[in-house]
Amino acid sequence: MNRTVRDRNDRHPKPVKRIELFEKYPKGRLILTILLILIGVGALGYSLIGYLTADTGWTTIEAASSELNCSDELIFQYDIGAGELPATAEKKAVSALYTETTAKAYELFHTSMSFDGVKNLYYINQHPNEEIEVEEVLYQAFSLLEKYGNRAIYLAPVYIQYKNLFGCKDDMETVDFDPYQNEEIAAYFAEISAFAQDEHAVQIELLGENRIKLFVSEEYLAYASEEGISDFIDFYWMANAFIVDYIADTMKANGFVRGSISSYDGFVRNLDDLSGSEYALNLFNRVGNTVHQAGIMKYDHAMSIVLLRDYPANSLDWQHYYEFQNGVVRTAYIDVADGFCKSAVHNLVTYAKEYGCAEILMQVIPVYITEVFEINRLSPLAQRGIYAIYGEEYTIYYNEPDLKLTDLYDQEEVRYQAAYMGTSCND
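Residues numbered from 1 in each chain as written. Predicted model: local features only at pLDDT ≥ 70, side-chain atom pairs only at ≥ 80, totals over all residues. Heavy atoms only, no water.

**Focus on the overall build of the chain**
Within the chain, the secondary structure is distributed over 9 helices and 21 strands. Buried residues in the chain amount to 57% of all 427 residues. Total accessible area on the chain stands at roughly 18700 Å², and carbon and sulfur atoms take up 47% of it. (Helix = DSSP H or I, 4+ residues; strand = E, 2+ residues; numbered from the N terminus. Buried < 20%, exposed > 50% of the residue type's maximum accessible area, 1.4 Å probe, protein only. Areas by Shrake-Rupley, 256 points an atom, 1.4 Å probe, with all protein chains shown as cover.)

**Structural notes on the nonpolar core**
Membership of the largest hydrophobic core comes to 106 residues, with the highest contact counts inside it found for Ile124, Phe142, Phe235, Trp237, Met238, Phe242 and Leu361. What Leu361 contacts, discounting residues up to four positions off in sequence, is Trp237, Met238, Ala241, Phe267, Val306 and Leu308. Counting residues in hydrophobic clusters, the runner-up holds 22 residues, among them Tyr299, Leu307, Tyr398 and Tyr416. (Core = buried A, V, L, I, M, F, W, Y, C linked by side-chain atoms within 4.5 Å. Contact = heavy atoms within 4.5 Å.)

**Focus: the side chain of Arg309**
Relative to the assigned elements, Arg309 resides in strand S12 (residues 303-309). Among the polar contacts listed, one links the side chain of Arg309 to the backbone oxygen of Tyr311, at a separation of 2.8 Å. When sequence neighbours within four positions are dropped, the list of residues in contact with Arg309 reads Tyr264, Asp265, Asn314, Asp317, Tyr321, Tyr333, His346, Asn347 and Tyr368. (Polar contact = N/O pair within 3.5 Å; in protein donor to acceptor, adjacent residues only side chain to side chain.)

**Some details on unusual backbone geometry**
With a phi angle near 55°, Asp407 is a residue other than glycine that sits in the positive phi range. Examined against the element boundaries, Asp407 turns out to sit in the loop between strand S18 (404-406) and strand S19 (410-411). In this structure, Glu412 takes a positive phi of about 50° despite not being glycine. Note on placement: Glu412 falls in the loop between S19 and strand S20 (414-415).

**A few points about the sheet that holds strand S4 (residues 74-80)**
Taken together, the 9 strands give an open sheet; going across it, the order is S3-S4-S8-S9-S12-S15-S16-S17-S21, and neighbouring strands pair in mixed fashion. Two strands close off the open sheet at either side, each with one partner strand: strand S3 (57-61) and strand S21 (417-420). Along the sheet, successive strands turn relative to each other by an average axial angle of 15°, direction set aside. In terms of strand pairing, strand S15 (residues 347-352) meets strand S16 (residues 387-392) through 4 bridges, oriented antiparallel. Bridge pairing in S16 links Tyr351 to Tyr387. Contacts from helix H7 (residues 239-253) reach S4, strand S8 (259-263) and strand S9 (267-270) within the one sheet, and its direction differs from that of S9 by about 10°. On top of the sheet, helix H8 (residues 357-368) reaches S9, S12 and S15; it is set at about 35° to S12, its chief contact. (Pairing = 2+ DSSP bridges. Axes fitted to C-alpha atoms, helices over the stretch in contact; angles between N-to-C directions.)

**Topic: the pattern of salt bridges**
When their charged atoms lie close together, side chains carrying opposite charge are able to pair. Applying the stated criterion across every chain yields a total of 16 salt bridges. Between Asp79 and Arg258 there is a salt bridge, with the nearest N and O atoms lying 3.2 Å from each other. A residue pair is termed long-range when its members are at least 10 positions apart, and Asp79 in strand S4 and Arg258 in the loop between H7 and S8 qualify at 179 residues. When its relative accessible area of 15% is taken as the criterion, Arg258 is described as buried. Measuring nitrogen to oxygen at the nearest pair gives 3.7 Å for the salt bridge that ties Asp272 to Arg258. With Asp272 in the loop between S9 and strand S10 (279-287) and Arg258 in the loop between H7 and S8, the pair connects residues that are 14 residues apart, well separated along the chain. (Salt bridge = Lys/Arg side-chain N within 4 Å of Asp/Glu carboxyl O.)

**A word on the packing of aromatic side chains**
For the structure shown, the criterion picks out 27 aromatic pairs. Residues Tyr106 and Phe115 carry aromatic rings whose centres are separated by 6.1 Å and whose planes lie at 70° to one another, so their mutual orientation is edge-to-face. An aromatic cluster is present here, built from Phe76, Tyr78, Tyr98 and Phe256 joined pairwise through their rings. (Phe/Tyr/Trp six-rings, centres within 6.5 Å; stacked < 30°, edge-to-face > 60°.)

**A look at helix H6 (residues 218-227)**
Think of an α-helix as turning once every 3.6 residues; residues three or four places apart then point the same way. For H6, the complete set of buried residues consists of Tyr220, Tyr223 and Ala224. Buried residues in H6, looked at end-on, bunch into an arc of 100°, giving them a common side. Opposite its buried face, H6 presents the exposed residues Glu218, Ser225 and Glu226, each directed more than 90 degrees away. Where H6 is buried, its residues contact helix H4 (156-166), helix H5 (183-197), strand S6 (202-208) and strand S7 (211-216). With its phi angle positive at about 75°, Gly228 sits one or two positions after the end of H6. (Arc of directions from axis to C-beta.)

**Regarding the sheet that holds S6**
Reading across from one edge, S5-S7-S6 is the order of the 3 strands in this open sheet, with antiparallel pairing throughout. Each of the sheet's edge strands pairs with one partner strand only, and the pair in question is strand S5 (131-133) and S6. Adjacent strand axes in the sheet meet at a mean angle of 30° when their direction is disregarded. With 6 bridges connecting them, S6 and S7 associate as antiparallel partners. Bridged to Val202 within S7 is Val216.

**What about the packing of H4 against H5?**
Helix-helix packing is described using two parameters, namely the angle between the two axes and the distance between the axes. For the pair H4 and H5, interaxial distance at closest approach is 9 Å and the crossing angle is 150°. As the angle between them shows, H4 and H5 are arranged roughly antiparallel. Residues Pro157, Val158, Gln161 and Tyr162 of H4 lie in contact with H5, whose contacting residues are Ile185, Tyr188, Phe189 and Ile192. The class makeup of the residues in the contact of H4 with H5 is 7 nonpolar, 1 polar and no charged. (Parallel < 35°, antiparallel > 145°, perpendicular 65-115°, else oblique. Nonpolar A, V, L, I, M, F, W, Y, C, P; charged D, E, K, R; others polar.)

**Side note on H4**
For H4, the tally of buried residues reaches 10 of 11 residues, placing the bulk of the element in the interior. Every buried residue of H4 is accounted for by Ala156, Pro157, Val158, Tyr159, Ile160, Gln161, Tyr162, Asn164, Leu165 and Phe166. In this fold, the buried residues of H4 make contact with H5, H6, strand S13 (321-323) and strand S14 (329-331).

**Focus on the pairing of strand S11 (residues 290-299)**
Counted residue by residue, S11 has 8 buried out of 10 residues, so it is predominantly covered. Inspection of the sheet shows S10 paired to S11 by 9 bridges, in the antiparallel sense. Bridging across to S11, Leu283 finds its partner in Gly295. Hairpin connection from S10 to S11: 2 residues lie between these consecutive antiparallel strands, with Gly288 at a positive phi of about 65°.

This is the structure we're talking about:
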């Protein structure tokens, strides 16, 4: 088996077009019956009840194209002119800060490029067992992972193979990278998973004052040398949760709170806790090979939202999904226990007022990345203010008592209903 069919260090995104309508899949594969899908905001099903204008009102903020940044994976909308600054000055200030933060996030979370003076993931991977002072945003990210005992970043060598899998052009190529088809790759993943789960093999040690050390044992270093492994940590599919939080928190710290930022892969931070404006989140549900816009969730306050789904839904999803001709989908939701991708349900939306996206994600991963969906595991989350919505057949289940759920799908003999499952998740 060739584990290096594709360059291990080639992580540069494929060129994509910014599109407005959902790209349809070939007939016979997953059929998406979703209307009004926009890349970024719409691909998440997130929308503003209002309108965007060039001068004042809700405006899409763009990062300066001259800077390398991660804004291609994000949509940032801001209510220009609603604050104390004149509209022109406010837009300029917000745009400049957005450019700065997306550029910094791009550099810090990069695993295959170095940048002058930046101690990013690439730098950390190249300097195991050395004390390194990192930016606070990275230190806080590592701290959050440690708080919740999440060790997914240590699956970096497994992620490389999934990136290869998702880059395959046809089903024949996938056998080299898919543990469900290939016993050798499954065994390799089991070896990596054993290291990933063992804090005595690999561990980000938090030394205080933004200093860390990537500890790697002699045994793992020898194994890595033999296997050609150079990456020990990678946030991979989780990265945008931390990036969206970083940008949102930076905007709030600078007094810019009339906006909303979302990533194409399901992380949303709405900062508006002042205007009382109403917002809407489109809720999707997959039944068989069809995905419906099943309903709309409405709210009127600041919110963090995490959306997880087991199927591709927009033009950037080649990075985290591969769909076989028979409709089976592999995803980037990898179980640390064995390196296999798993999704307990097709769609799971979780949201909270008091947590950022990354902290919600840390608490939701054990519920979602598993073979069996255990509804009772939603109960402790709801008690902490993290509410959930998911679909089963043609029913949308939710556990926030006061949730405003509207526009349930009712077309072509398909009729959705909503069911409150209670915060105990036993109803």
